[in-house]
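Now for the letters of each chain:
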Amino acid sequence: MANFAQAIRMALHYGEEHLGLKDIFGQDVGPPLGGVFTATQGLKTTWNTPLDERGIIGMAMGLALAKSRCVAEIQFCDYIFNTIDLLKIVGNTCWASYGQFSMPMTVMTPVGSGIRGSIYHSHSFDAWATRLPGWKIVMPSNPLDAYGLMLAALKEPNPVLYLKPKALLRVRGEELIPGEPSDEKELRSMIDAPLGDRSKWKPRWPKLEEYIVPIGSGKIVREGDQATVVSYGRLLPVCKQAADQLGSEGHNVEVVDMRSLYPYDWQMIKKSIQKTRRVIFVAEDTEVTSFGEHLSRRTMEELFYELDARPRVLAGKNLPGIGLNPVLEEATVPQLENVLHEIRELVAEVP
């Protein structure tokens, strides 16, 4: 099974061959490194830029306005904040031009903690991203969805922010990507660059097939009827693990993977909450003005009389940064024990 980074790489290769993808660029995106997490290794349209986030986004804007489809990478989302004004312009260009100029560009960036990256390599960007009207925002939680959402992004006439949880980039999937070999060693030998001299290395790409995860579609990853847990990205597997563990305690918890933060699958979320009558929204971004707060508000407005307990939000602590020490990091963003505690309290709350 492919890991998360390999899935992205294969999706980008498919885009080069079939979807008109002409440029993939960013700091260390091209050879010899192929991206700091190797997600762009071996691709034929990659090239390296200076360490200049505003230049990277500006280049993507120019290419998109010229109708040339591109993928730009910001090496870590911690360094995307100085491009906010440019991202705002990208998001309003189609609207401001009365539909004359679409922006077929994808910006991907690693997000979140989990690799002991300390204050400059551990931030989240999901809540900030959802405050950029005109953008579509996706964050997969597994390699198959990473592949399918990237292909969806590469077909979009709109700008797409593709947020990849850095702590999951070496995690292998449980389902085969259409066209990949079933033997993970064979896949590595085909598409992973060797250590050392790579000047003569070329990948041998498998015969990949199209697989699209529509932007705006969520997925129920675990059925249940006692409570709904809504999450995405890095914490989705943690929520699934918590729900499975609570199953041994007699609790039947439903887990929803949003996959897309905007547009999001409110009808799926709503239907699940109406079934279980209890909900908790779990994310890594900070608890003040997190996206979970928006979903909690909407739940209260539309489903107040159908709830047996107040909606809960579990998110990262509202601190200026995340410490390098593992104890500090784990105390700052939700961990398995935090998810378990909140769900136990949620299902125990008396209507």
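Remember, predicted model here, so these are calculated numbers, not experimental data.

1. Brief notes about the domain arrangement of the protein chain
- The domain architecture assigned to the protein chain consists of domain 1 (4–191) and domain 2 (219–348).
- Relative placement of domain 1 and domain 2: their C-alpha centres are 26 Å apart.
- Taken together, the contact between domain 1 and domain 2 spans 31 residues of the former and 27 residues of the latter.
- The contact between domain 1 and domain 2 buries some 2200 Å² in all, and 50% of this surface belongs to carbon and sulfur atoms.
- The largest contributions to the domain 1 side of the interface with domain 2 come from Ser 113, Arg 116 and Met 139, which together make up 25% of the buried area.
- For the interface between domain 1 and domain 2, the tally reads four salt bridges.
- The partner of Arg 259 in a salt bridge is Asp 145, with the nearest N and O atoms 3.2 Å apart.
- Elements supplying a minimum of two residues to the side of domain 1 that touches domain 2: α4 (126–129), β5 (136–138) and α5 (143–154).
- Among the residues forming the side of domain 1 that touches domain 2, the class breakdown is 14 nonpolar, eleven polar and six charged.

2. Concerning the sheet that holds strand β3 (residues 70–73)
- The strand order across the open sheet formed by seven strands is β2-β1-β3-β4-β6-β5-β10, and the pairing between neighbours is mixed. Since the sheet does not close on itself, it has two edges, and those belong to β2 (46–48) and β10 (260–262), each with one partner. Averaged over all adjacent pairs, the angle separating strand axes in this sheet is 20°, with direction ignored.
- The pairing of β5 with strand β6 (residues 160–165) spans three bridges and is classified as parallel.

3. With respect to a nonpolar patch on the surface
- Taken together, the side chains of Tyr 79, Ile 119 and Tyr 120 present a nonpolar region at the surface, about 290 Å² in accessible area.
- By the element assignment, Tyr 120 lies in the loop between β4 (105–111) and α4.
- On the accessibility criterion, Tyr 120 (54% relative accessible area) is exposed.

4. Comments concerning the pairing of β3
- Burial of the side chains of β3 extends over both faces: Cys 70 and Ala 72 are buried on one face and Val 71 and Glu 73 on the other.
- One ladder, built from four bridges, connects strand β1 (residues 23–26) with β3; its direction is parallel. The partner of Phe 25 across the bridge, within β3, is Ala 72.
- Two elements, β3 and β4, share four bridges in a ladder whose sense is parallel.

5. Looking at the nonpolar core
- One finds Met 105, Val 107, Phe 125, Trp 135, Leu 161, Met 258 and Ile 269 to be the most contacted residues of the largest nonpolar core, which totals 43 residues.
- Looking at this core, the elements that each hand over two or more residues are α2 (53–65), β3, α3 (84–96), β4, β6, α8 (266–276), β11 (279–286) and α9 (291–303).
- Composition of this core by domain shows at least three residues from each of domain 1 (4–191) and domain 2 (219–348).
- Grouped together as the second largest cluster of nonpolar side chains are 41 residues, Val 138, Leu 149, Leu 151 and Met 190 included.

Basis of the calculations
- Counting restarts for each chain, with residues numbered from 1 along the sequence as it is written.
- Side-chain atom pairs in this predicted model are given and counted only at pLDDT of 80 or more, local residue features only at pLDDT of at least 70, and totals for whole chains, interfaces and linings cover all residues.
- Water and hydrogen atoms were dropped before computing side-chain values, which therefore reflect all heavy atoms in the structure.
- As annotated, the domain borders come from an automatic or database domain assignment.
- We call two residues contacting when some pair of their heavy atoms lies within 4.5 Å.
- By buried area we mean how much accessible surface two parts lose on assembly, using a 1.4 Å probe and totalling the loss over both.
- We count a salt bridge whenever a side-chain nitrogen from Lys or Arg sits within 4 Å of a carboxyl oxygen from Asp or Glu.
- Each helix is a run of DSSP H or I of at least 4 residues and each strand a run of E of at least 2, with the numbering of both proceeding from the N terminus.
- For this classification, the nonpolar set comprises Ala, Val, Leu, Ile, Met, Phe, Trp, Tyr, Cys and Pro, the charged set comprises Asp, Glu, Lys and Arg, and every other residue, Gly included, is treated as polar.
- By definition, two strands form a pair when at least two bridges between them are found by DSSP.
- Axis definition: a line fitted to C-alpha atoms, limited for helices to the stretch in contact. Angles are taken between N-to-C directions and run from 0 to 180 degrees.
- Candidates for patches are residues over 30% relative accessible area with no salt bridge; among them, like charges are joined within 9 Å and nonpolar side chains (Val, Leu, Ile, Met, Phe, Trp, Tyr) within 5 Å.
- Working definition of accessibility: Shrake-Rupley area with a 1.4 Å probe, residue cover restricted to the visible protein chains.
- For every residue, the accessible area (1.4 Å probe, protein chains only) is compared with the maximum for its type, and the residue is labelled buried under 20%, exposed over 50%, or partly exposed between those bounds.
- What is meant by a nonpolar core is a set of buried Ala, Val, Leu, Ile, Met, Phe, Trp, Tyr and Cys residues, joined one to another through side-chain atoms within 4.5 Å.

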